[in-house]
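So the chains spell out like this:
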Amino acid sequence: EESSAKCFAVLPGARLLLSCGHWDCSLRCTSVEDGAPVQTLKQHKDVVTCMAMGASGEVLVTGSNDTTLMVWGGGSARLTRTKAASHMPLQSGPRRILYGHDEPVSCVAVSSDMDMVASGAADGTIIIHSLRRGRHLYTVQHTPHSAPDHIALSDAAARMLVYSHG
């Protein structure tokens, strides 16, 4: 599969790039200044296919071919890099793992204000979880056997937008 924007995120104010889609099933953090690896996390059991960061950078959610979503946080309230050499931008393990998809996760969106994680999967299902508690809230059938390519949440309008090119 091709790389896309859903495989990259920039940590606010940290000059760090997060990337996924690596065949070793990792989530990687790289310095934008010199390209040096900062952190590599391997918690998913298959390739990480997408990620979404909260608007203020306080949370990151990853989706994978292993059908799970993982909610990540930083060592502080926000995902930022400090000057301490021992500080890593992300916790070494996820805050929680979200389940419910039967097929690989194709896209994800997160909103702290709405307390929501929305994810789409290869079978066309969209699942809504509570961000804070990790509870399954809803399952919606988008288009049978047509994976949503992108999903977005609008805090201001309390709406969800789903796009599928297939």
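Please refer to the structure placed before this passage.
About the criteria used
- Residues numbered from 1 in each chain as written.
- Predicted model: local features only at pLDDT ≥ 70, side-chain atom pairs only at ≥ 80, totals over all residues.
- Heavy atoms only, no water.
- Helix = DSSP H or I, 4+ residues; strand = E, 2+ residues; numbered from the N terminus.
- Buried < 20%, exposed > 50% of the residue type's maximum accessible area, 1.4 Å probe, protein only.
- Contact = heavy atoms within 4.5 Å.
- Areas by Shrake-Rupley, 256 points an atom, 1.4 Å probe, with all protein chains shown as cover.
- Pairing = 2+ DSSP bridges.
- Axes fitted to C-alpha atoms, helices over the stretch in contact; angles between N-to-C directions.
- Patch = residues over 30% accessible without salt bridge, like charges linked within 9 Å, V, L, I, M, F, W, Y side chains within 5 Å.
- Salt bridge = Lys/Arg side-chain N within 4 Å of Asp/Glu carboxyl O.
- Disulfide = S-S within 2.5 Å.

## Considering the overall build of the protein chain
In terms of regular secondary structure, the protein chain is built from zero helices and 14 strands. Across the protein chain, helices and strands are ordered from the amino to the carboxyl terminus as β-β-β-β-β-β-β-β-β-β-β-β-β-β. Per-residue burial over the protein chain gives 46% buried out of 166 residues. Here the analysis covers contacts within the protein chain between residues at least 6 apart in sequence; of these, 40% occur between residues at least 24 apart. Entry remark: accessible area of the protein chain is about 8,600 Å², with carbon and sulfur atoms responsible for 51%.

## Points about unusual backbone geometry
Within the chain, Thr 67 stands out as a residue other than glycine whose phi angle is a positive 80°. Along the chain, Thr 67 turns up in the loop between strand E6 (60-64) and strand E7 (69-72). One non-glycine residue with positive phi stands out, namely Asp 115, at about 55°.

## Concerning the sheet that holds strand E10 (residues 116-121)
Each strand in a sheet pairs with another by means of backbone hydrogen bonds, the pair being arranged parallel or else antiparallel. In space, the four strands of this open sheet follow the order E9-E10-E11-E12, with antiparallel pairing throughout. Every other strand in the sheet has two partners, leaving strand E9 (105-111) and strand E12 (136-141) as the edge strands with one partner each. Looking at each pair of strands side by side, their axes are set apart by 15° on average, direction ignored. Of the strand pairs in this sheet, E10 and strand E11 (residues 125-130) are connected by five bridges, and their pairing is antiparallel. Looking at E11, one finds that Gly 120 is bridged to Ile 126.

## Focus: the environment of Val 10
Residue placement: Val 10 occurs in strand E1 (residues 8-11). Using a relative accessible area of 55% as the deciding quantity, one classes Val 10 as exposed. Sequence-wise, Val 10 and Thr 30 are 20 residues apart; in three dimensions their C-alpha atoms are separated by 9.6 Å. Setting aside anything within four residues of it in sequence, one finds Val 10 in contact with Leu 16, Leu 17 and Met 53.

## A look at the sheet that holds strand E2 (residues 16-19)
Ordered in space as E1-E2-E3-E4, the four strands form an open sheet in which the pairing is antiparallel. The open sheet has two edge strands, E1 and strand E4 (37-41), and neither has a second partner. On average, each strand axis in the sheet is inclined to that of its neighbour by 20°, with strand direction left out of account. Looking at chain direction, strand E3 (residues 27-31) and E4 are connected through four bridges and run antiparallel. Bridging across to E4, Thr 30 finds its partner in Pro 37.

## What about a nonpolar patch on the surface?
Residues Leu 137, Tyr 138 and Val 140 make up a contiguous nonpolar surface patch of roughly 290 Å² in combined accessible area. Residue placement: Val 140 occurs in strand E12.

## Overview of the state of the cysteines
Throughout this description, disulfide means a covalent bond between two cysteine sulfur atoms. Inspection of every chain in the model, using the stated rule, returns zero disulfides. Cys 7 provides the cysteine sulfur closest to Cys 20, a residue in no disulfide bond, and the two sulfurs are 3.6 Å apart.

## Quick notes on the pairing of E1
Only one face of E1 is buried, namely the one carrying Ala 9 and Leu 11, since none of Phe 8 and Val 10 on the opposite face is buried. Connecting the antiparallel pair E1 and E2 is a turn made up of four residues, with Gly 13 showing a positive phi of about 70°.

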